[in-house]
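Here is what each chain is made of, one letter per residue.
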Amino acid sequence: MRTTPDTPDSAVQNVVRAAARSGVQPVALTGTGGIDRDAGHRLDEAWLGAAWSHPTTRVFVVSGGQALIEETADGRTELVMMPSFDAPLTEAHRYFLGTDAEGVRYFALQKDSLPGRMDEVARPAGLREAAALLSERDNELLVHAVALENWQRLHRFCSRCGERTVIAAAGHIRRCPACGAEHYPRTDPAVIMLVVDEEDRALLGRQVHWPKGRFSTLAGFVEPGESIEQAVIREVAEEAGVAVAEVEYVASQPWPFPSSLMLGFFARAATSEPQVDGEEIEEARWFSREELREAMESGEVLPPAGVSIAARLIEMWYGKPLAAASW
Ligand SMILES: [Zn+2]
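The name recorded for the protein in an unreviewed UniProt entry is NAD(+) diphosphatase, from Streptomyces hoynatensis. In its Cofactor (unreviewed entry) section, UniProt records this for the protein: "Mg(2+)".

What follows is the structure, encoded as structure tokens:
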């Protein structure tokens, strides 16, 4: 996905090569957790009933974007799961999430609150915290469940006729009993991009409401009737006043806060002087690697950390993890 032909020395290609050398993984919340979503069974109530009752089936509760996590004896952190016969099914919404390579089937129960536990090992955690601790399999399950919960919470009424809708397809459809409409989970595409210039500097911006010193990549939602490449070019122009000449897709990350899919890009700037909009972005600056290192060292700049694709894009350009950068 390039808007101009390949040139051997393009700034974007330099970043892509540097990123490959750095070994920084492009994304975190995008799991390779080995779960087959088994979507073909979602409408088969008999199959779902048998899957639910099977002794190897595992269930966890999701509530308000959180689930219980616990540390194991060997120091890992996992989702608190239970067999279905222990699961508090009453009043709950049941989401079928899929099957792993061993044939274990996973369900999430959406409830008004998380179950209490007598021990003090388990604690509630949201995705941002859990993603840094859990295995890829557990992350994949939790992201799926939280995304469904967010969609269900915000789409209880039919967008055609206003009637209350009911859950179907093991949590993946809402049906309207009045007009027959079927509503499917929404995912809102957003673009997030690290813009580089010919001197291999990165453009980072500060949103108006961020804490002092916080800088990150630019980002924004794709508008109706727009390609994702057009969205990258428009957002960089709107937020930072910089023209983009080249756009290269890197990776994506589900971001269910409440329903985004972050599409990550490197982009090459054709103009240099940032001019911020002042409404969403209050400051945008070019950083060389050395300038960013010094600014982080002095505490002047707080880059994004953790599992966000913003942090991964910056690290891919920077050449090493931001949190583990040694100075
Ligand atoms: Zn309706």
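Colleague: Would you mind showing me how to read the nonpolar core here?
Modeller: Note that soluble globular proteins tend to have their nonpolar side chains buried in a common cluster. With 45 residues, the main nonpolar core has Met193, Val195, Val232, Val236 and Trp317 as its most contacted residues. With 8 residues, the single largest contributor to this core is helix 7 (residues 309-318). Val236 has contacts with Met193, Val195, Leu218, Val242, Val244 and Ala267, leaving out every residue within four places of it along the chain. Core analysis: the next-biggest nonpolar cluster, separate from the first, contains 33 residues, Val62, Ala67, Leu79 and Tyr95 among them.

Colleague: Explanation requested: helix 7 in the structure shown.
Modeller: Residues spaced three or four apart along an α-helix face the same direction, because each turn holds 3.6 residues. In terms of burial, helix 7 is largely enclosed, as 10 of its 10 residues are buried. The complete set of buried residues in helix 7 reads Ile309, Ala310, Ala311, Arg312, Leu313, Ile314, Glu315, Met316, Trp317 and Tyr318. Positive phi shows up at Gly319, right after helix 7, with a value of about 105°.

Colleague: What is the right way to read the confidence of the model for the protein from this model?
Modeller: Predicted coordinates in regions of low pLDDT should not be interpreted in detail. Mean pLDDT over the protein: 89, with 90% of residues reaching 70 or higher. Confidence drops under a pLDDT of 50 for residues 1-8, and excluding neighbours within four residues, the segment shows 12 contacts in the predicted structure.

Colleague: Would you mind going over the sheet that holds strand 2 (residues 66-71) with me for this structure?
Modeller: The strands making up a sheet associate through hydrogen bonds between their backbones, and the pairing can be parallel or antiparallel. Ordered in space as 3-2-7, the 3 strands form an open sheet in which the pairing is antiparallel. A single partner strand is all that each edge strand has here, and the edge strands are strand 3 (77-79) and strand 7 (123-126). On average, each strand axis in the sheet is tilted by 50° relative to the strand beside it, whichever way the strands run.

Colleague: I'm lost on the pairing of strand 2 in this one. Help?
Modeller: Within a regular strand, the side chains alternate between the two sheet faces. Of the pairings in the sheet, the one linking strand 2 to strand 7 comprises 4 bridges and is antiparallel in character. The residue of strand 7 that forms the bridge with Leu68 is Pro124. Pairing between strand 2 and strand 3: 3 bridges, direction antiparallel. Looking at strand 3, one finds that Ile69 is bridged to Leu79.

Colleague: I'm lost on unusual backbone geometry in this one. Help?
Modeller: Note: most residues except glycine have negative phi, and most peptide bonds are trans. A cis amide bond links Phe257 to the next residue, Pro258, at an omega of 5°. Turning to its location among the elements, Pro258 is positioned in the loop between strand 14 (244-255) and strand 15 (260-269). With phi around 50°, Asp38 is a residue other than glycine that occupies positive phi space. Residue placement: Asp38 occurs in the loop between helix 1 (11-22) and helix 2 (45-53). Even without glycine at this site, Asp200 takes up a positive phi of about 65°.

Colleague: In this structure, what is going on with the sheet that holds strand 10 (residues 182-183)? I would like to understand it.
Modeller: Sheet architecture is open: 3 strands sit in the order 8-9-10, paired in antiparallel fashion. Each end of this open sheet is capped by a strand with a single partner; those strands are strand 8 (166-168) and strand 10. Where strand 8 lies against strand 9 (residues 173-175), 3 bridges are found, and the strand directions are antiparallel. Opposite Val166, over in strand 9, you have Arg175 as the bridge partner.

Parameters and conventions
- Residues numbered from 1 in each chain as written.
- Predicted model: local features only at pLDDT ≥ 70, side-chain atom pairs only at ≥ 80, totals over all residues.
- UniProt positions renumbered as here; feature names shortened; annotations may be inferred.
- Core = buried A, V, L, I, M, F, W, Y, C linked by C-beta atoms within 7 Å.
- Buried ≥ 20, exposed ≤ 12 C-beta atoms within 10 Å, placed from the backbone.
- Helix = DSSP H or I, 4+ residues; strand = E, 2+ residues; numbered from the N terminus.
- Contact = placed C-beta atoms within 7 Å.
- pLDDT = per-residue confidence, 0-100.
- Pairing = 2+ DSSP bridges.
- Axes fitted to C-alpha atoms, helices over the stretch in contact; angles between N-to-C directions.

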